[in-house]
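Residues per chain are reported as follows:
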Amino acid sequence: MNTLIVIALTILVIVLLHKQIKQHPYVFYGLACAMFVAFVLGQLFYLPKAVNVFFMTPMRRATIAMGIFFVVMYAGLFTKPSRAKRLLKPMRKELSIIAGILAFAHVYAYNFNYFTRIFVDKLNPLISFKLALFTGVILTILLILLWLTSFNFIKRKMTRQRWKAIQKWSYLFYALIFVHVLAILMQPALSGGREAQITIALYSLIFIIYFVARIAVYKRDKREHIEEDDAYAKDLEKGFI
Ligand code: HEM
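The present account deals with the structure reproduced in this document.

Definitions and cut-offs
- Residues numbered from 1 in each chain as written.
- Predicted model: local features only at pLDDT ≥ 70, side-chain atom pairs only at ≥ 80, totals over all residues.
- Heavy atoms only, no water.
- Patch = residues over 30% accessible without salt bridge, like charges linked within 9 Å, V, L, I, M, F, W, Y side chains within 5 Å.
- Areas by Shrake-Rupley, 256 points an atom, 1.4 Å probe, with all protein chains shown as cover.
- Salt bridge = Lys/Arg side-chain N within 4 Å of Asp/Glu carboxyl O.
- Helix = DSSP H or I, 4+ residues; strand = E, 2+ residues; numbered from the N terminus.
- Buried < 20%, exposed > 50% of the residue type's maximum accessible area, 1.4 Å probe, protein only.
- Donors = N, O, S within 2.8 Å, 3.2 Å for Na, K, Ca; no water.
- Tetrahedral: all angles 85-135°; square planar, octahedral: opposite > 155°, others 65-115°.
- Axes fitted to C-alpha atoms, helices over the stretch in contact; angles between N-to-C directions.
- Parallel < 35°, antiparallel > 145°, perpendicular 65-115°, else oblique.
- Contact = heavy atoms within 4.5 Å.
- Nonpolar A, V, L, I, M, F, W, Y, C, P; charged D, E, K, R; others polar.
- Phe/Tyr/Trp six-rings, centres within 6.5 Å; stacked < 30°, edge-to-face > 60°.
- Lys NZ or Arg CZ within 6 Å of the ring centre and 35° of its normal.

Bringing a nonpolar patch on the surface into the picture now. Together, Ile 5, Leu 9, Leu 12, Leu 16 and Phe 54 line one region of the surface with nonpolar side chains, adding up to about 480 Å² of accessible area. The dominant element in the nonpolar patch, judged by the number of residues it contributes, is helix α1 (residues 2-16), at 4 residues. Locating Leu 12 in the fold gives a position in helix α1. Residue class for Leu 12 comes out partly exposed when judged on its relative accessible area of 47%.

The next point concerns the pattern of salt bridges. The full count for this structure, using the stated rule, is 4 salt bridges. Residue Glu 224 is joined to Lys 80 by a salt bridge in which the shortest nitrogen-to-oxygen separation is 3.0 Å. Of the two residues, Glu 224 sits in the loop between α13 (194-223) and α14 (231-237) while Lys 80 sits in the loop between α5 (63-75) and α6 (83-88), which places them 144 residues apart along the sequence. One salt bridge in this structure joins Asp 221 and Arg 220, with 2.9 Å as the shortest N-O distance.

Attention now goes to the coordination of the iron atom of the ligand. Coordination of the iron atom of the ligand by the protein involves His 106 (NE2) and His 180 (NE2), with metal-donor separations of 2.0 Å. Coordination at the iron atom of the ligand is octahedral: its 6 donor atoms span angles of 88 to 178° at the metal. Of the two residues, His 106 sits in helix α7 (residues 92-115) while His 180 sits in helix α12 (residues 169-190), which places them 74 residues apart along the sequence. Relative accessible area serves as the criterion here: at 15%, His 180 is assigned to the buried category.

At a minimum axis distance of 9 Å, the contact between α1 and α13 shows a crossing angle of 40°. As judged from the angle between their axes, α1 and α13 are oblique. Across the interface between the two elements, Asn 2, Thr 3, Leu 4 and Ile 7 from α1 touch Glu 195, Thr 199, Leu 202 and Tyr 203 from α13. Partitioning the contact of α1 with α13 into residue classes produces 4 nonpolar, 3 polar and 1 charged.

It is worth spelling out the environment of Asn 2 at this point. Secondary-structure assignment places Asn 2 in helix α1. The partly exposed category is assigned to Asn 2, whose relative accessible area is 33%. Separated by 20 residues in the primary sequence, Asn 2 and Lys 22 have C-alpha atoms spaced 28 Å apart. Setting aside residues up to four positions removed in sequence, Asn 2 forms contacts with Val 53 and Glu 195.

Quick look at the packing of aromatic side chains now. In the structure shown here, the tally under the stated rule is 15 aromatic pairs. Ring centres 5.6 Å apart and planes at 45° place the aromatic pair Phe 151 and Phe 153 in the tilted group. With a centroid separation of 6.0 Å and an interplanar angle of 55°, the aromatic rings of Phe 173 and Tyr 174 are classed as tilted. Residues Phe 173 and Tyr 174 agree in their burial class; the two are buried. Across from the ring centre of Trp 163, 4.2 Å away, lies the NZ or CZ of Lys 155, which sits over that ring.

What follows is the structure, given as structure tokens:
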């Protein structure tokens, strides 16, 4: 149940602070970095249960990062002028950068000790486990690529075509997160793990609705000749790049 509560709280904070996130992004980037450092240091000490439940575990499991990524994903569905589009679309870049910083805490928590197990782990020969780790590595490469190209100082050095081509990889990123979560949690869920069952059900609902809606919006926009928003051209216009 914690996964649902943490994701709901994350989305609520984004909606309540959407103006501040857009006006003062570096304050929130700093806050995300502070949360990353607190997580790294937090692993060195014994912490009260509440801190573990509402901070350390959501950071380790990338749940806060996923809550933010879900807003970035669903904001992309609003291609026609609407209140939701005006509220969510302008802050996708800033949210992607914040979510990236928080997702690095998960990669930090699991990388080396799990990564090496891909090759040497006789303990867990499960294909699903190896698939989870393999997708974890691909996800990390995509996360670094999409995260870096979200910054204006990097975007400025790229052609619009090259930048837009790279942003399209975000669909593969989202799809691989779903595969990664299914691969890593299927075993515990099948063995009756309640938290794993709830997490799989919740993520399946969010990802399947998103991909079905994304394809439907794409077909509708093609039919109605609705141009996709050009974030690169917009930033160029505003002099950000
Ligand atoms: C080398 C890189 C990675 C490794 C070794 C890795 C490993 C793991 C492991 C072991 C779990 C199970 C955690 C648990 O049940 O407590 C997990 C879960 C998960 N991973 Fe990764 N991961 C990697 C990269 C990523 C990336 C880049 C993302 C996305 C930004 C991601 C998203 C998730 C999510 C959403 C879960 C589900 C957590 C839950 O709620 O139970 N992982 N990963």
